[in-house]
Amino acid sequence: SKIRIYTLAKEVGVENHRMLEILDGLGVQYKSVSSTIEEDTVELIKQILAEEGTQVTGGQVEDVSPTVDAAEPGTGPTSAPATAAQPTAPAVTAPPEPAPGQMSSEGRPTPPAATATQVEERPAATATTELPHRAPVVTIMGHVDHGKTSLLDYIRKTKVAAKEAGGITQHVGAFEAQTSKGRIVFIDTPGHEAFTTIRARGANVADIAIIVIAADDSLMPQTREAIAHAQAAKVPMIVAINKIDLAQADPDRVKTDLTQLNLVPEEYGGDLVVVPVSARSGEGIEDLLEYIILTAEIEDLRADPKGEFAGVIIEGKVDKQAGVLATVMVQQGTLNLGDFLVVGEKYGKVKAMTDTNGGRIKSAGPSTPVQVLGFSEVPDSGEKVVAAKNEHAAREIVQARASDRRDVENARVRSRLTLEEMMGSLGSVRTVNLILRADTQGSVEAIQGILARKESDDVKINVMFAGIGAPSEADVLLASTAEATILCFSVTAAGGVKKIADSKGVDIKSYRIIYELIDEVDRLIKGTSEPVF
Ligand code: GDP
């Protein structure tokens, strides 16, 4: 019978990405690790693994991220050996033709050609595969009151190693959960505003987005916004259907509603992982954590702890006693006490560093959020952080940045290149990104229908998000990262939202007459389809 790729991987004890490599080597088509494969292919894979001598360990999901002592990654075991010591994956010498799944005349799958003597030493793995795994960074988004905060609280309560007695865990914008399968880092400012603010500055912090949907409420406007944001960021999603403890919970309805957004749950034959949970009773939360680890494995997240340091500001604040405190997510390399950090056109020295439990640490490796003391001003969340060897080097970076910025500003004044001109000089198919806001579901659908008909071979219209009601601040942030125009029909933006749009250079256009809206769409299409000289 058919079996899902990840189930098979678990069964035979290899990592998902390894399984995908084997399938690639065999030329087997699949959409994701949730795709099912034929029994014959399964047999073939088992044969290959048997010949490789891979031990069938029975579902050991390997996590080589530095989970043991996140507080001291510097002294911790270099997590690399686990990877390096893995039985070298053999050259998959199975012939690409005929494709597996195709039968030989006897009706049996073609056996792999590799024999013991043919199995050669695999060429040195590429640099990326040699890098150690890192823990996934997860963000939780969804509609208000669907249980984002409760879910985070439950996970924090049950999965964060308790601090010394009497210690109060401060809110620092992230926490680390220890699960039996490995470490997971949660961004604990729920909601897509935080997510989008960080993305708006060009940084990507989250590896996985959990979309929380209350089982008694199903999809709501902010659920669809959250989904749009995750999709725009190309971050894999896991849906947590929350509040399943309630009598009126209707998880099936949520799944059906998701299907209408073209998000098809696995059990309906799609790729979307949907996990029923209760933040109240804790039911399903272990499963959710397992799916996070599974998704992380599929994403094959790696970073070099010995590489150049790079990080992102999660949040910053002023503490009355300590001064400026900033939470930095280490993305690659290792941050050490005494390092000089540059954020934008400012620098500071790491005078003290604490982990998310408030414990003092001296160094922090990839996927570790740390609270850093030493900035002179509060950095903004989403700002990128780099390190410099000493104060002199830090100052040089800052000066170079300032002069670059002046050059760019001058150049802009001189040439006033419009977006249209830039787009016009680019490749063939252009995309008009739009965010659509209207007064009723009927108008939203009608306008979407019209837009779909305006598409041509040269111009693609991408409605990133369509919703009922006035455009929100989140819409503006989404529009600013995606260079989208916000089109409103019979709704107008609030003053505050307009202000933000102005400051970010986002166009919000409101219409009460549908033909005028269509004219605007035509102009946008023309603007991007004909180079302006
Ligand atoms: P948020 O706005 O998405 O952060 O939602 P909250 O976490 O604040 O939850 C909103 C309300 O739903 C609160 O009253 C919670 O106690 C309640 N709630 C959250 N999760 C559950 C759950 O799993 N079951 C039940 N019965 N109530 C829940």
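Above this note sits the structure.
About the thresholds
- Residues numbered from 1 in each chain as written.
- Predicted model: local features only at pLDDT ≥ 70, side-chain atom pairs only at ≥ 80, totals over all residues.
- Heavy atoms only, no water.
- Helix = DSSP H or I, 4+ residues; strand = E, 2+ residues; numbered from the N terminus.
- Buried < 20%, exposed > 50% of the residue type's maximum accessible area, 1.4 Å probe, protein only.
- Contact = heavy atoms within 4.5 Å.
- Areas by Shrake-Rupley, 256 points an atom, 1.4 Å probe, with all protein chains shown as cover.
- Axes fitted to C-alpha atoms, helices over the stretch in contact; angles between N-to-C directions.
- Parallel < 35°, antiparallel > 145°, perpendicular 65-115°, else oblique.
- Nonpolar A, V, L, I, M, F, W, Y, C, P; charged D, E, K, R; others polar.
- Near = heavy atom within 4 Å.
- Polar contact = N/O pair within 3.5 Å; in protein donor to acceptor, adjacent residues only side chain to side chain.
- Expected span 1.5 Å × (residues − 1).
- Salt bridge = Lys/Arg side-chain N within 4 Å of Asp/Glu carboxyl O.
- Pairing = 2+ DSSP bridges.
- Right-handed = clockwise from strand over helix to strand, strands pointing away.
- Phe/Tyr/Trp six-rings, centres within 6.5 Å; stacked < 30°, edge-to-face > 60°.
- 1 Å grid on protein atoms, 1.4 Å probe; cavity = no way out; pocket = protein on both sides within 12 Å on 5 of 7 lines; lining within 4 Å.
- Points joined across faces, edges and corners; volume = space filled by probe spheres on them.
- Core = buried A, V, L, I, M, F, W, Y, C linked by side-chain atoms within 4.5 Å.

J.: How would you sum up the overall build of the protein? Please name residues and give values.
T.: Each helix and strand counted, the protein has 16 helices and 21 strands in total. Classification of the 533 residues of the protein by burial places 46% in the buried group. In the protein, of all internal contacts separated by at least 6 residues, the share reaching a separation of at least 24 is 72%. When the accessible surface of the protein is summed, it comes to about 25900 Å², and 50% of that surface belongs to carbon and sulfur atoms.

J.: Lay out the packing of helix 6 (residues 148-159) against helix 10 (residues 285-299) in plain terms, naming residues and giving numbers.
T.: Closest axis-to-axis distance for the helix 6/helix 10 pair is 11 Å, and the angle between their directions is 90°. Comparing the axis directions of helix 6 and helix 10 gives the class roughly perpendicular. Seen from helix 6, the contacting residues are Leu151, Tyr154, Ile155 and Lys159; seen from helix 10, they are Ile285, Glu286, Leu288 and Leu289. Each residue belonging to the contact of helix 6 with helix 10 can be placed in one class, and the counts come to six nonpolar, no polar and two charged.

J.: With reference to specific residues and values, describe the site of the ligand.
T.: Around the ligand, the surrounding shell holds 15 residues, and the nearest of these are Asp145, Thr149, Ser150, Asp245 and Ala279. In this structure, Asp145 approaches the ligand through a main-chain N or O atom, which is 2.7 Å from an oxygen atom. In this structure, an oxygen atom belonging to the ligand sits 3.3 Å away from a side-chain N or O atom of Ser278. The leading source of residues in the shell around the ligand is helix 6, at three residues. Grouping the constituent residues of the shell around the ligand by class yields three nonpolar, seven polar and five charged.

J.: Got a sec to walk through helix 8 (residues 221-232)? Specific residues and values, please.
T.: In this model helix 8 runs 16 Å from its N-terminal to its C-terminal C-alpha over 12 residues, within 8% of the 16 Å that 1.5 Å per residue would give. Where helix 8 is concerned, the buried positions are Thr223, Glu225, Ala226, Ile227, Ala228, His229 and Ala230. Of the residues one or two after helix 8, Lys234 is the one with positive phi, at around 55°.

J.: Lay out the pattern of salt bridges in plain terms, naming residues and giving numbers.
T.: Across all of its chains, the model carries 21 salt bridges by this definition. Of the charged contacts in the structure, one is a salt bridge between Arg156 and Asp153, with a shortest N-O distance of 2.9 Å. Remark: Asp153 and Arg156 occur in helix 6; sequence separation between them is three residues, near one turn of the helix. Taking relative accessible area as the criterion, Asp153 reaches 35% and is therefore assigned partly exposed. Among the ionic pairs, Arg253 bridges to Asp257, the shortest N-O distance being 3.5 Å.

J.: With reference to specific residues and values, describe the sheet that holds strand 5 (residues 182-187).
T.: Taken in spatial order, the six strands of this open sheet run 4-5-3-6-7-8, and their pairing is mixed. On the outer flanks of this sheet lie strand 4 (174-179) and strand 8 (273-276), each paired with one strand and no other. Each strand of the sheet is rotated relative to its neighbour by a mean of 30°, with strand direction disregarded. Contacts from helix 6 reach strand 3 (137-142), strand 4, strand 5, strand 6 (208-214) and strand 7 (237-242) within the one sheet, and its direction differs from that of strand 4 by about 55°.

J.: How would you summarise the sheet that holds strand 21 (residues 508-511) if you had to cite specific residues and measurements?
T.: One open sheet accounts for four strands, arranged 19-18-20-21; its pairing is parallel. Single-partner strands in this sheet number two, and they are strand 19 (459-468) and strand 21. Adjacent strand axes in the sheet meet at a mean angle of 25° when their direction is disregarded. One ladder, built from five bridges, connects strand 18 (residues 430-438) with strand 20 (residues 485-489); its direction is parallel. For Arg437, the partnering residue across the bridge sits in strand 20 and is Cys488. Contacting strand 18 and strand 19, helix 8 runs over the sheet at an angle of about 150° to strand 19. Those strands touched by helix 14 (residues 473-482) are strand 18, strand 19, strand 20 and strand 21, and its axis lies near 175° from that of strand 18.

J.: I'd love a proper account of the pairing of strand 8, names of residues and values included.
T.: In the sheet, strand 7 pairs with strand 8 via four bridges, with the strands oriented parallel. Note that in strand 8 the partner of Ala240 across the bridge is Val275. Crossover handedness for the path strand 7 to helix 9 (residues 251-260) to strand 8: right-handed.

J.: Can you break down the packing of helix 2 (residues 16-26) against helix 3 (residues 39-52) residue by residue, with the values?
T.: Two numbers describe how helix 2 lies on helix 3: the axes approach to 11 Å, and their chain directions differ by 110°. When the axis of helix 2 is compared with that of helix 3, the two are roughly perpendicular. Residues Arg18, Met19, Ile22, Leu23 and Leu26 of helix 2 form the contact with helix 3, whose own contacting residues are Thr41, Leu44, Ile45, Ile48, Leu49 and Glu52. Of the residues in the contact of helix 2 with helix 3, the class split is eight nonpolar, one polar and two charged.

J.: For the packing of aromatic side chains, give the residues involved together with the corresponding values.
T.: Per the counting criterion, the structure on display carries one aromatic pair. On the numbers, 5.3 Å between centres and 20° between planes, the contact of Phe175 with Phe186 is stacked. With a gap of 11 residues between them, Phe175 in strand 4 and Phe186 in strand 5 connect regions that are remote in the sequence.

J.: Give me the lowdown on the layout of surface pockets, citing residues and values where you can.
T.: Using a probe with the size of a water molecule, rolled over the atoms, empty space left in the structure can be pinpointed. By volume, the second largest pocket amounts to about 660 Å³. If you go around the second largest pocket, you meet 19 residues; those closest to its centre are Leu261, Gln448, Val463, Met464 and Ala466. Mapped by element, the contributors of at least two residues to the lining of the second largest pocket are helix 8, helix 13 (441-454) and strand 19. Among the elements that take part in the lining of the second largest pocket, strand 19 stands out by supplying six residues, more than any other. Of the residues in the lining of the second largest pocket, the class split is 11 nonpolar, six polar and two charged.

J.: Go over the nonpolar core with me, naming the residues and quoting the values.
T.: If you look at the biggest cluster of nonpolar residues, it comprises 27 residues, and the most contacted ones within it are Leu151, Ile155, Phe186, Ile210, Ile238, Leu288 and Ile292. Taken together, the elements giving at least two residues each to this core come down to strand 3, helix 6, strand 4, strand 5, strand 6, strand 7, strand 8 and helix 10. Beyond its immediate stretch of four places on either side in the chain, Leu151 contacts Ile140, Val212, Ala240, Val277, Ala279, Ile285 and Leu288.

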